[in-house]
Amino acid sequence: MTPHIKYYFFVEKPLLRVILLNVTILLFLFRSSIPVFKYPFILLYLGLIFYYLVVVRKRFLYNLKPFIKHYILIIFIVVIYFVTIILSDKLFLEVFKDCLNILILISFLFFLDYTFESEEKLKLLISNLIDCIIWFSVIISLYGLYEYFYIYFGNNIIKQRESSLVDYNFALLPVFFGLVSVLNKLTKTVLRKEIIMYNLFLSIQSLQIFFSSSRRGFIIINLIIIILFLSSSLSVFYKNKHLRAFAKSYKYYLIIIVSFLMILSLFIFATSYTFKERVFEISGIKRINIFQNDITERCYRYYSILNKKISYSTFYKRIWAAAYDAKDPDSGWGTRTHKTVFPLSGENVDILPSGVKGYLMDSTCNPYVADGNTYSYTDLFLYNLKVNENDTVYLSIYCYVSSDFNGNWALIALTNNDSPWIASTKY
């Protein structure tokens, strides 16, 4: 294929060129949400440079002079910035990254200025940009939800995720851009298939915002939902066909998201601990205790917006207050990763009370490690006991160490958060 044919291909199909440019720009801007975006960005960016420098180099060089003339102030400021860096004593890696980002943004400005010189092409660019933002936001939302639930349903060891290092407020920006873009699309369509698809997109984006732990995001999405409800209410009283059509277009979204929030709130605050445990087991969650802590932390961040006086421990007890059962570790006191064993079998099992469930810990548990020893602290709910001076509390704890145990010793100790061990017994 000759260069002339390549040039003809790009000119006669401007939409393809628009899509490639928009996707490249968004990959660069949204890499803060999914860091792996940087790899396809590098490939597409190098392809754009090749196209402008090799395929259409004559027109490229011809437009370079007017570009410098139009944006002389911006270019002058960038030059000053680079000169100050060169003259500085040290060149830090972060500064070098900033310089690289500035050059990339300047190149994007030139590509846009060079490619879309007419109003018609500019409208094509904006229309396609909105479509691309919507699809990017949906991909980011689905990836965020998948990443959130994967560590609780999977059996793999939990590792720190690269995207978890990104500030969730910045990571949510593409999702909000996509959400606003979807609402804009809903004002312009009457096709039932598109309306259903856009309502599904809104639901996915909203779920990602709720599960992100961003309090700013939580406040903004609630304001958007309130505004949509007000718009629906106004459409009842004011006979404006455009307002009514818009209110009708997002009704599925409001039904889905309100139903989800109501069910989630009832599940968290109005169901028993045992019911929650059964739901987690049936749903296939492997790391129930870690999932409980994560749910509590996220809900507490949102709840503390309205009630700043409530403490985390009080909030935790409100959600996971269990009917304490000494025979069942899943009633609340088995807080570490473990396996519940029932019925029990083995040597001396007859000395245990009937109906006791085993709290099995092995290499898959997540103990606290210090000085070569591993510890598993269990809450015995002693803080609920009311005692007077000179009262005595009797505790009975059963411990079984299997014959294939490869440790040196085992020990049971009674302690609290404010003092050394109160008592201990070696096995």
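Note that this is a predicted model, so its numbers are computed, not measured.

### Describing the overall build of the protein chain
The number of helices and strands found in the protein chain is 16 helices and six strands. The buried share among the 427 residues of the protein chain stands at 32%. Of all intrachain contacts in the protein chain linking residues separated by at least 6 positions in sequence, the fraction that spans at least 24 positions is 64%.

### Here's the deal with the packing of helix 14 (residues 273-283) against helix 15 (residues 288-306)
Two elements in contact, helix 14 and helix 15, have axes whose closest approach is 11 Å; the angle formed by their N-to-C orientations is 115°. Every pair of crossing elements has a handedness; the one defined by helix 14 and helix 15 is right-handed. The segment helix 14 lies against helix 15, with Tyr273, Glu277, Phe280 and Glu281 engaging Ile288, Phe291, Gln292 and Ile295. Within the contact of helix 14 with helix 15, the residues separate by chemical class into five nonpolar, one polar and two charged.

### Focus on the pattern of salt bridges
Tallying each qualifying case throughout the model produces one salt bridge. Put simply, Asp131 and Lys185 hold a salt bridge, and the shortest N to O gap is 2.8 Å. Here Lys185 lies in helix 9 (residues 173-186) and Asp131 lies in helix 7 (residues 119-153), a separation of 54 residues in the sequence. Given the relative accessible area of 18%, Lys185 is considered buried.

### Side note on the packing of aromatic side chains
To describe a pair of aromatic rings, one takes the distance between the centres and the angle between the planes. This structure, assessed with the given rule, holds 17 aromatic pairs. Each ring, one from Phe28 and one from Phe108, has its centre 5.8 Å from the other, and the planes form 70°; the classification is edge-to-face. Linking Phe28 in helix 2 (residues 14-29) with Phe108 in helix 6 (residues 93-115), this pair joins segments that are 80 residues apart in sequence. With relative accessibility at 5%, the residue Phe28 sits in the buried group. Ring centres of Phe246 and Tyr250 lie 4.9 Å apart, and the angle between their planes is 70°; on these two criteria the pair is classed as edge-to-face.

### Observations concerning the side chain of Thr189
The residue Thr189 is located in the loop between helix 9 and helix 10 (192-210) in this model. When its relative accessible area of 11% is taken as the criterion, Thr189 is described as buried. Within polar-contact distance, the side chain of Thr189 engages the backbone nitrogen of Leu191 at 3.3 Å. Not counting chain neighbours up to four residues away, the residues in contact with Thr189 comprise Glu194, Ile195 and Tyr198.

### Considering the nonpolar core
One broad trend across soluble globular proteins is that nonpolar side chains are buried collectively. Ranked by internal contacts, the top residues of the largest apolar core, which has 48 residues, are Phe108, Phe111, Leu186, Leu228 and Tyr253. Residues within four places of Phe108 in sequence aside, it is in contact with Thr24, Ile25, Phe28, Phe41 and Tyr45. Within the second largest apolar cluster, 17 residues are counted, among which are Leu145, Phe291, Ile295 and Trp320.

### Quick look at helix 10
Taking 1.5 Å as the rise per residue, helix 10 with 19 residues should run 27 Å; its terminal C-alpha atoms sit 27 Å apart, in good agreement. Looking only at helix 10, the buried set comprises Ile195, Tyr198, Asn199, Phe201, Leu202, Ser203, Ile204, Gln205, Ser206, Gln208, Ile209 and Phe210.

### Overview of helix 12 (residues 241-249)
Taken residue by residue, helix 12 has Phe246, Ala247 and Ser249 as its buried positions. Projected onto a plane normal to the axis of helix 12, the buried residues spread over an arc of 160° and lie on a single side. The exposed residues of helix 12 that point more than 90 degrees off its buried face are Lys241 and Lys248. Tucked into the core, helix 12 has its buried residues touching helix 9, helix 10, helix 11 (215-237) and helix 13 (251-270). Measuring from the side-chain oxygen of the N-cap residue of helix 12 to the backbone nitrogen of His242 gives 3.0 Å; that N-cap residue is Asn240.

### Quick word on unusual backbone geometry
Pro343 follows Phe342 through a cis peptide bond whose omega is -5°. In this model, Ser213 sits at a positive phi of 75°, which is unusual for a non-glycine residue. Here Ser213 lies in the loop between helix 10 and helix 11. Take Ser213: its relative accessible area is 10%, and that puts it in the buried class. Of note in the backbone geometry, Asn390 takes a positive phi value of approximately 75° without being a glycine. Mapped onto the secondary structure, Asn390 falls in the loop between strand 4 (373-375) and strand 5 (411-414). Asn390 gets classed as exposed once you look at its relative accessible area, which sits at 70%.

### A look at a nonpolar patch on the surface
A surface patch of nonpolar side chains, about 590 Å² in accessible area, is lined by Ile68, Ile72, Leu73, Phe76, Ile77 and Ile80. Residue contributions to the nonpolar patch peak at five residues, all from helix 5 (residues 72-87). Residue placement: Ile80 occurs in helix 5. Given a relative accessible area of 40%, Ile80 falls into the partly exposed group.

### Overview of the confidence of the model for the protein chain
Model confidence for the protein chain is summarised by a mean pLDDT of 79, while 83% of its residues fall at 70 or above. Every residue in residues 1-12 is under pLDDT 50, and counting partners more than four places away or in other chains gives ten contacts. In this model, residues 156-165 is a region of pLDDT below 50 whose contacts with residues beyond four sequence positions or in other chains number 15 contacts.

### So, the side chain of Gln208
Assignment of secondary structure puts Gln208 in helix 10. If we ignore the near neighbours within four places in the chain, the residues touching Gln208 are Ser141, Gly144, Leu145, Leu172 and Val175.

### Quick notes on the environment of Leu200
Along the chain, the position of Leu200 falls in helix 10. By relative accessible area, Leu200 is classed as partly exposed at 46%.

The rules behind the values
Residues numbered from 1 in each chain as written. Predicted model: local features only at pLDDT ≥ 70, side-chain atom pairs only at ≥ 80, totals over all residues. Heavy atoms only, no water. Helix = DSSP H or I, 4+ residues; strand = E, 2+ residues; numbered from the N terminus. Buried < 20%, exposed > 50% of the residue type's maximum accessible area, 1.4 Å probe, protein only. Contact = heavy atoms within 4.5 Å. Axes fitted to C-alpha atoms, helices over the stretch in contact; angles between N-to-C directions. Left-handed = near helix turned anticlockwise from the far one by under 90°. Nonpolar A, V, L, I, M, F, W, Y, C, P; charged D, E, K, R; others polar. Salt bridge = Lys/Arg side-chain N within 4 Å of Asp/Glu carboxyl O. Phe/Tyr/Trp six-rings, centres within 6.5 Å; stacked < 30°, edge-to-face > 60°. Polar contact = N/O pair within 3.5 Å; in protein donor to acceptor, adjacent residues only side chain to side chain. Core = buried A, V, L, I, M, F, W, Y, C linked by side-chain atoms within 4.5 Å. Expected span 1.5 Å × (residues − 1). Arc of directions from axis to C-beta. Patch = residues over 30% accessible without salt bridge, like charges linked within 9 Å, V, L, I, M, F, W, Y side chains within 5 Å. Areas by Shrake-Rupley, 256 points an atom, 1.4 Å probe, with all protein chains shown as cover. pLDDT = per-residue confidence, 0-100.

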